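Structural description and commentary
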Amino acid sequence: MRAKMTSFEEIKSQWKDQKAIEIPNNGHKIIIDKVNDIKKKQKQTNIILFLTILVLIAFFVYIAAYKYLIVASALLLMIGSLAVRIGLELQSIKKLSRLNVNISASSFKENIISYYKNRVHIHLIWTPIIILIYSIGFVMMLPSFKASLSSGFYTYILVSSVVILVILSFFIYKQIMKELSVLKELTDKNPYL
Amino acid sequence: MKHLESLFEEVYQSNYQKVYRLCLGYANGDGMLASDLCQEVFIRVWKHLASFRNESAMSTWIYRITVNTCLVYFRKKRTLPLPQLNEPIEDEIEENLYHTKEENLNSLYACIEQLSKGNKSIILLELEGVPQKDIAAIMGINHEAIRVRIHRIKIELTKCAQK
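What you see is a predicted model, and the numbers here were worked out from it, not measured in a lab.

Each helix and strand counted, chain B has seven helices and zero strands in total. Of the regular secondary structure in chain B, the N- to C-terminal order runs α-α-α-α-α-α-α. Per-residue burial over chain B gives 36% buried out of 163 residues. Contacts in chain B between residues at least 24 apart in sequence constitute 65% of all its contacts with a sequence separation of at least 6.

Looking only at helices and strands, chain A has five helices and zero strands in total. Moving toward the C terminus, one meets the helices and strands of chain A in the order α-α-α-α-α. Its C-alpha atoms put chain A at 80 × 40 × 35 Å along the principal axes. Burial analysis of chain A (193 residues in total) assigns 9% to the buried set. Expressed as a percentage of contacts within chain A between residues at least 6 apart in sequence, the contacts between residues at least 24 apart total 71%.

Quick look at the interface of chain A and chain B now. Contacts between the two partners involve 38 residues from chain A, matched on the other side by 48 residues from chain B. Looking at the side of chain A that touches chain B, the elements with two or more residues in it are α1 (8–16), α2 (27–62), α4 (105–148) and α5 (151–189) of chain A. When the residues that make up the side of chain A that touches chain B are grouped by side-chain class, the tally is 19 nonpolar, 11 polar and eight charged.

With that out of the way, let us pick up the environment of A83 of chain A. All names here are of chain A. Counting through the fold element by element, A83 comes out in helix α3 (residues 69–97). Assessed through the 16 C-beta atoms surrounding it within 10 Å, A83 is described here as partly exposed. Sequence-wise, A83 and G27 are 56 residues apart; in three dimensions their C-alpha atoms are separated by 39 Å.

All names here are of chain A. Segmentation of chain A into domains returns domain 1 (29–62) and domain 2 (75–193). The gap between the C-alpha centroids of domain 1 and domain 2 is 20 Å. Taken together, the contact between domain 1 and domain 2 spans four residues of the former and four residues of the latter. The class makeup of the residues in the side of domain 1 that touches domain 2 is four nonpolar, no polar and no charged.

Residues and elements named next belong to chain B. By size, the foremost hydrophobic cluster in this structure holds 48 residues, and its most contacted members are C23, L37, C38, V41, I123, I135 and I138. Here the element with the most residues in this core is helix α1 (residues 2–26); it accounts for eight residues. Other than its neighbours up to four places away in sequence, I135 contacts I122, L125, E126, V130 and I146.

It is worth spelling out the confidence of the model for chain B at this point. Residues and elements named next belong to chain B. Residues at a pLDDT of 70 or more form 83% of chain B, whose mean pLDDT is 84. Note on residues 76–90: pLDDT is under 50 here. Beyond four places in sequence and across chains, it has 20 contacts. If you check the scores for this complex, the pTM reads 0.76 and the ipTM reads 0.76.

Next up on the list: α4 of chain A. Between its first and last C-alpha atoms α4 of chain A spans 60 Å; for 44 residues at 1.5 Å apiece the expected length is 64 Å, and the two agree. Here α4 of chain A has its buried residues at A105, F108, K109, Y116, R119 and Y134 of chain A.

Residues and elements named next belong to chain B. One can describe the packing of α1 onto helix α3 (residues 58–71) by two numbers: an axis separation of 10 Å at closest approach and a directional angle of 35 degrees. Note on packing geometry: the crossing formed by α1 with α3 is right-handed. Each of V11, N15, V19, L22, C23 and Y26 in α1 lies in contact with α3, whose residues at this interface are M58, S59, I62, T66 and C70. Here the contact of α1 with α3 is composed, by residue class, of eight nonpolar, three polar and no charged.

A separate point is the packing of α3 of chain A against α4 of chain A. Residue and element names in this part refer to chain A. Two numbers describe how α3 lies on α4: the axes approach to 8 Å, and their chain directions differ by 160 degrees. One finds that α3 runs roughly antiparallel with respect to α4. Both α3 and α4 take part in a crossing whose hand is left-handed.

Rules of the game
- Residues numbered from 1 in each chain as written.
- Chains lettered and ligands numbered in written order.
- Predicted model: local features only at pLDDT ≥ 70, side-chain atom pairs only at ≥ 80, totals over all residues.
- Helix = DSSP H or I, 4+ residues; strand = E, 2+ residues; numbered from the N terminus.
- Buried ≥ 20, exposed ≤ 12 C-beta atoms within 10 Å, placed from the backbone.
- Contact = placed C-beta atoms within 7 Å.
- Nonpolar A, V, L, I, M, F, W, Y, C, P; charged D, E, K, R; others polar.
- Domains from an automatic or database assignment.
- Core = buried A, V, L, I, M, F, W, Y, C linked by C-beta atoms within 7 Å.
- pLDDT = per-residue confidence, 0-100.
- Expected span 1.5 Å × (residues − 1).
- Axes fitted to C-alpha atoms, helices over the stretch in contact; angles between N-to-C directions.
- Left-handed = near helix turned anticlockwise from the far one by under 90°.
- Parallel < 35°, antiparallel > 145°, perpendicular 65-115°, else oblique.

Now the structure itself:
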């Protein structure tokens, strides 16, 4: 039978009496390597994004899309909306990693609430606008697709785009709900810190 | 850089146990989660170590980073099963003692889990024996208010642990 803890002092002594955990061998070295790895990966991501934009611009020039107003506008809308979305996401990641943890918990909480409010703002205002602009660009491209692609491939593009949009919307919805619940937990559960 | 690395090694060695225990409290006694959180804390300690200015004690500084790191840590609720009170008694005294300790700790984690994040931070620091003045500085709440809150949480926690 479990002996109940009857006073706070007893609780405190139980807490202090916990089995000591073994300190990982070379743990500090692992941490330093991990930080270096993260920095390296961030650099690689930036290079990949930069190269993607370059490839898209090259493709745009290669197919001489600027000669056809509708195709050019459609491509610009699609690429532009994607670029804005990626930019917003990168900015958020940077902002989160730069949050100063060396401040009091109450100030930190205020900062983190402001961060999540900004995230919700992005999800509820910017994301629908971006999806709408991307879809407009895509619809504008459809006549060119129809003219230059076989009917089977055209149907494939049409159907897959709808499926992708539905799947994407589902994931965005899940992410929004997750971040909203985080915000709710921060603001409701702890009326004060 | 070498000096910073050896300072970090020292900080890591002398604070790992404390940080781990605190993380374990946030993680409802889940060792794997506590290790992940602990790693996250030390990543931040390493990133900010060069900017540490001795304005507070190193341990207070690390506790502050731990509390803030755990504050942004959200996970699916996982409840440790509360110990069954009528389980068979072990034959060996030592083993029995070990089980009792484990059960008490699990029940304590479950009680801590029921607190709000702010109260959780405060009581975990109190359990670690951090002076109330330092808890006030870590939390950004005035000393008197912390004293009153600690008193309230102690009563709440003791009541829960008695169940």
